[in-house]
Structures are given as structure tokens and as C-alpha cells.
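# A structural walkthrough
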Amino acid sequence: MARFLHTSDLHLGKRFGNFSGDLPGRLREARHAVLGRLAEHARAHGADTILLAGDTFDTETPAADVRRQALTGMAYHVPIRWVILPGNHDSLQATELWAHLAADAPGNVVLATEQAPIDLGAGAVLLPAPCTTRRAGRDLSAWMDDAATAEGAIRIGLAHGAIQIFSEDAGASEVIAPDRARRAGLDYLALGDWHGALEVDSRTHYSGTPEQDRFKHDRSGVALLVEIAAAGAFPQVTPLPTASFAWRTLDLHLLAGDDPGPALAALLPELHARRQTLAKVIAGGRASLAARTMLGAEIARAAPDFAWLDLDETALATECETGDLDRIDRAGALREAADALLAESGDASRSADARAIAAAALARLYGYAQAVSR
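Residues numbered from 1 in each chain as written. Predicted model: local features only at pLDDT ≥ 70, side-chain atom pairs only at ≥ 80, totals over all residues. Heavy atoms only, no water.

## Topic: the pairing of strand β5 (residues 118-121)
- Where burial is concerned, the two faces of β5 differ: the one with Ile 118 and Leu 120 is buried and the one with Asp 119 and Gly 121 is not.
- The sheet contact formed by β5 and strand β6 (residues 124-129) spans three bridges and is antiparallel. Considered in β6, the bridge of Ile 118 is made with Leu 126.
- Here β5 folds back onto β6, and the loop between the two strands holds two residues, one of which, Ala 122, carries a positive phi near 55°. (Buried < 20%, exposed > 50% of the residue type's maximum accessible area, 1.4 Å probe, protein only. Helix = DSSP H or I, 4+ residues; strand = E, 2+ residues; numbered from the N terminus. Pairing = 2+ DSSP bridges.)

In C-alpha cells form, the structure reads like this:
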């Protein structure tokens with residue numbers, strides 16, 4: 001029986017520069033803390049090995065504290081063995097990084113830096129395909145086809161990159177053959193690079209990142225518990241929750257005359273979950289100026305409860321009547337500005353983004369005018 005955890009794309013040290021305040025620090029710390037959660041799962045399920053399928057570090061030059069604290073965190077969980085594969089973000093081209101890791105790695109950390117079999121014990125052999133550069137330009141897993149292992153060994157592949165049916169980077173040329181497990185006689189192929197958990201086939205899986213870092217994969221991070229009874233047996237793969245933050249894209253569709261308050265309230269998560277949630281509300285449909293103003297106010301009111309909350313109104317069309325503009329001003333510069341923004345928001349010759357900006361600006365102007373008149 002081979003039993004291990006499969007994870008990838010920890011991206012330790014990721015800066016999250018698109019956020020402000022203390023959130024980037026909280027997100028960075030969550031990525032480090034996931035090491036402890038992985039170890040807890042390994043112990044709870046009797047797994048003695050954790051496979052990290054690339055991009056353990058976010059860059060080829062992680063800060064010394066990021067590198068050292070990661071190794072210290074792994075060392076704390078001895079006798080669990082951690083196998084670190086170079087990915088495209090932390091490839092072997094970063095010679096200084098891997099020299100430091102080799103010098104500092106504790107005994108329970110294995111650096112899978114060569115295309116050579118690694119004995120995992122219990123009759124299992126690991127065949128790693130380390131990324132030699134950020135863009136190798138070839139399928140680095142091809143060597144597994146001819147890799148010799150003892151008869152009856154459980155063959156496990158470990159690689160990082162895109163397969164032919166999709167790509168994290170549409171321009172990637174170093175695709176991994178989607179049938180590599182069949183070609184190489186692998187009982188399981190553990191992949192990294194795609195940040196969402198994905199089953200390619202029964203023997204080939206992306207684990208996804210254990211701690212989300214973007215809205216693209218709208219699900220909480222997991223690690224995969226893999227159990228293989230014997231060579232040739234199909235693996236049993238069980239996702240285990242690992243994320244401390246949730247990233248959610250919330251679609252809010254409005255019709256003219258709808259009250260956005262109740263609709264938004266029904267969409268947002270419960271209060272107790274909001275501090276650990278990053279949410280992006282995508283508003284679409286049609287709304288009056290008053291409703292748009294109310295929606296913005298409700299978002300602003302709820303935002304402090306969240307790690308991060310944002311409203312995207314690009315797809316929300318504005319229903320506007322003469323009376324709405326009169327509530328801004330009946331004449332003068334403000335009315336002229338309102339008329340101009342209304343015209344721009346409905347001008348088909350402008351881009352969708354430009355029309356959306358004009359509509360949002362008109363709603364903002366309406367909101368300011370209403371606040372002043374109260």
C-alpha cells in the first residue's frame with residue numbers, strides 16, 4: 001500500500017501587491033500556515049510522505065526568511081517526509097535557491113532535482129520531472145516512459161506544467177502528454193501548475209493550490225490523499241480541505257425596479273465567515289440610478305466585515321429618467337455633467353468599459369447629490 005498527500009503551488013512568499021493594508025501579510029502567513037495543515041492531514045490519515053508538485057516558492061529568489069521558515073516548518077513535522085519538486089516559478093535555473101535548500105534542508109526533506117527514481121518505501125518509487133527553467137520548451141515527463149523500476153513497484157510520477165487539453169498559460173509550449181500515466185505505466189501522476197483541483201483521468205490529477213490566491217478557481221483549496229493498494233491498482237483519491245481563506249465570485253443579476261439590498265444580502269456569506277473571505281460581486285442586468293446608489297452603499301457598509309469585498313458594475317446597465325437627473329440638478333454645471341455622462345453611458349460607439357465607467361460615474365454623482373440634499 002502506498003499512501004501519500006499530493007499538493008502543489010504553495011507559492012510561499014507571494015506578495016499580493018494588488019491588495020493593501022494588512023491583507024497581503026495575512027495572505028502570506030496563510031500560505032505558510034498551510035504546511036501545518038498538510039502535516040495534520042498526513043498524520044490523521046497515516047501518510048508518511050507529502051509530495052509538493054512544484055512552485056513551492058513564488059519566485060526564484062525568495063527571501064531568506066521565507067526559505068528558512070518553510071524548511072523549519074517541515075522539519076518540525078518529522079517523521080513526515082516532504083518531497084519538493086522544482087516548478088516553473090522556482091526552477092533549477094535558480095541555482096542559488098537550490099544550493100541554499102540543499103545546504104539547509106533537514107533530513108525529512110527530499111529535493112527532487114534530478115530525473116532519477118526516488119525510493120519512497122512500501123514498494124513505491126517516485127519518478128520526478130523537475131523544471132529546469134521557467135519555460136523548458138519540452139515535455140519534461142517524457143523520461144518516465146523508459147525509467148526502470150523493480151518488478152511490482154508502484155510507479156508514481158511527479159511533474160509541473162500544463163497538459164494538452166488546457167493551459168494555465170495559453171502560450172506554453174512545454175505541454176505534458178495527457179496520457180503520460182498510460183505511456184509510462186504510472187499508477188499515479190501527481191501534477192502541479194493548475195491552481196484548481198482537477199482530475200485529468202483516474203490516474204492523473206492536479207491537486208491545485210492548498211490556499212487559493214485568485215478568483216479564477218472559485219473553490220476552496222484542497223490537498224489530495226492518494227492511496228494505491230498495489231502496482232496496477234487504481235488509486236483512491238480523496239480531497240482534504242486545507243484553505244483558511246475563501247475567494248468567491250458572486251453573480252448578482254438585477255432587473256429594473258429590483259431592490260438590490262435584499263438581493264445582495266441573500267448572496268453574501270454568513271457574518272462569521274466574512275473575515276476569511278475575499279469576495280467580488282459581479283452585478284449585471286439593469287438598475288435605476290437610485291438602485292445603483294443603494295447597491296454601492298450596501299457594498300460599502302458590508303466591506304469592513306470582509307477580508308476584501310469589491311463590486312464590479314461593468315455589466316450593469318443604468319435605467320435613467322429625467323426625474324433622476326433632476327434630483328442631481330435641474331440646471332448648471334452638475335446637470336450638464338450628468339447629461340454628458342448619461343449620453344456616454346449609452347453611446348454604442350464607445351467601448352463597453354468606457355460606457356461602464358460613465359454609468360458608474362453618473363451613479364456616483366447621483367449619490368453625492370442625494371447625500372448633500374439630505
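## Section: the sheet that holds strand β1 (residues 2-7)
- In space, the six strands of this open sheet follow the order β4-β3-β2-β1-β11-β12, with mixed pairing throughout. A single partner strand is all that each edge strand has here, and the edge strands are β4 (109-111) and β12 (236-241). Between one strand axis and the next, the sheet turns through 25° on average, direction left out of account.
- Across five bridges, β1 lies against strand β11 (residues 222-228) in antiparallel orientation. Paired with Phe 4 across the strands is Val 226, a residue of β11.
- With respect to the sheet, helix α1 (residues 23-44) is in contact with β1, β2 (49-52), β3 (81-84), β11 and β12, its orientation differing from that of β1 by roughly 160°. (Axes fitted to C-alpha atoms, helices over the stretch in contact; angles between N-to-C directions. Contact = heavy atoms within 4.5 Å.)

## Section: the packing of helix α2 (residues 64-76) against helix α3 (residues 95-104)
- It is the contact of α2 with α3, at a shortest axis distance of 11 Å, that shows an interaxial angle of 35°. Relative to α3, the crossing made by α2 is right-handed. On the side of α2, the interface is formed by Arg 67, Arg 68 and Leu 71, while α3 contributes Leu 97, His 100, Leu 101 and Asp 104. (Left-handed = near helix turned anticlockwise from the far one by under 90°.)

## Structural notes on the side chain of Asp 90
- Turning to its location among the elements, Asp 90 is positioned in the loop between β3 and α3.
- Of the side chains with opposite charge, Arg 134 lies nearest to the buried Asp 90, which makes no salt bridge, at 8.3 Å.
- A distance of 3.3 Å separates the side chain of Asp 90 from the backbone nitrogen of Asp 55, its partner in a polar contact.
- Residues in contact with Asp 90, not counting those within four places in the same chain, are Gly 54, Asp 55, Thr 56, Phe 57, Thr 59, Glu 60, Leu 85, Leu 97 and Trp 98. (Lys, Arg positive; Asp, Glu negative; His and termini not counted. Salt bridge = Lys/Arg side-chain N within 4 Å of Asp/Glu carboxyl O. Polar contact = N/O pair within 3.5 Å; in protein donor to acceptor, adjacent residues only side chain to side chain.)

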